[in-house]
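What follows is the residue order along each chain.
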Amino acid sequence: MADDAEEPAKSFVIFGRDVSQIPCFRNSFLYGISGGIGVGVLAFLGSSRPHLSTHIGFGSFFCGTIVYWMACRYHWSTRRFEQQQLQEAMRRQALYEGTKVERELDLKSA
């Protein structure tokens, strides 16, 4: 009971970076893999050519992963920028609270 040591979380490291710490990595690959498998199976059902279906499936995996990665990172970047702006505004509000500058800003905004 005294030695309730928690096991460290298993992580996957690529090029010296823990991929669990990279935003959008997991979702991008999950959507890419599922899309690639789905499109590959549909291509096989439509053409009955395994070699062509493999190429189509891998291409859709690659394209789906890249497209989702770019969209997710764009939204992540905009949210992060807005959070930084809000944090700075809150810092200024706390700094100006109860001062003459706050009263001037209230008059301008009213």
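Up top is the structure.
Structure report, in brief. (Residues numbered from 1 in each chain as written. Predicted model: local features only at pLDDT ≥ 70, side-chain atom pairs only at ≥ 80, totals over all residues. Heavy atoms only, no water.)

Positive phi outside glycine occurs at C24, with the angle close to 75 degrees. For C24, the position within the fold is in the loop between β2 (17-18) and α1 (25-47). Even without being a glycine, S48 presents a positive backbone phi close to 60 degrees. Residue placement: S48 occurs in the loop between α1 and α2 (50-96). (Helix = DSSP H or I, 4+ residues; strand = E, 2+ residues; numbered from the N terminus.)

Time to look at the pattern of salt bridges. Applying the stated criterion to the full structure yields two salt bridges. Salt-bridge contacts for R91 lead to E88; the nearest nitrogen and oxygen are separated by 2.6 Å. Pair noted here: R91 and E88 are both in helix α2, with a separation of three residues, about one helical turn. For R91, a relative accessible area of 45% gives the class partly exposed. A relative accessible area of 28% means that E88 is categorised as partly exposed. A salt bridge links E88 to R92; the nearest nitrogen and oxygen atoms lie 3.6 Å apart. (Salt bridge = Lys/Arg side-chain N within 4 Å of Asp/Glu carboxyl O. Buried < 20%, exposed > 50% of the residue type's maximum accessible area, 1.4 Å probe, protein only.)

The end-to-end C-alpha distance of α2 is 68 Å, a good match for the 69 Å that 47 residues give at a rise of 1.5 Å each. As for α2, its buried residues are in contact with α1. With its phi angle positive at about 80 degrees, G98 sits one or two positions after the end of α2. (Expected span 1.5 Å × (residues − 1). Contact = heavy atoms within 4.5 Å.)

Here the focus is the packing of α1 against α2. Describing two packed helices takes the angle between their axes plus the distance from one axis to the other. The interhelical angle for the contact between α1 and α2, taken along N-to-C directions, is 155 degrees, at an axis separation of 7 Å. When the axis of α1 is compared with that of α2, the two are roughly antiparallel. Helix-helix and strand crossings are classified by hand; for α1 and α2 the assignment is right-handed. Across the contact of α1 with α2, the residue classes tally to 13 nonpolar, 12 polar and no charged. (Axes fitted to C-alpha atoms, helices over the stretch in contact; angles between N-to-C directions. Parallel < 35°, antiparallel > 145°, perpendicular 65-115°, else oblique. Left-handed = near helix turned anticlockwise from the far one by under 90°. Nonpolar A, V, L, I, M, F, W, Y, C, P; charged D, E, K, R; others polar.)

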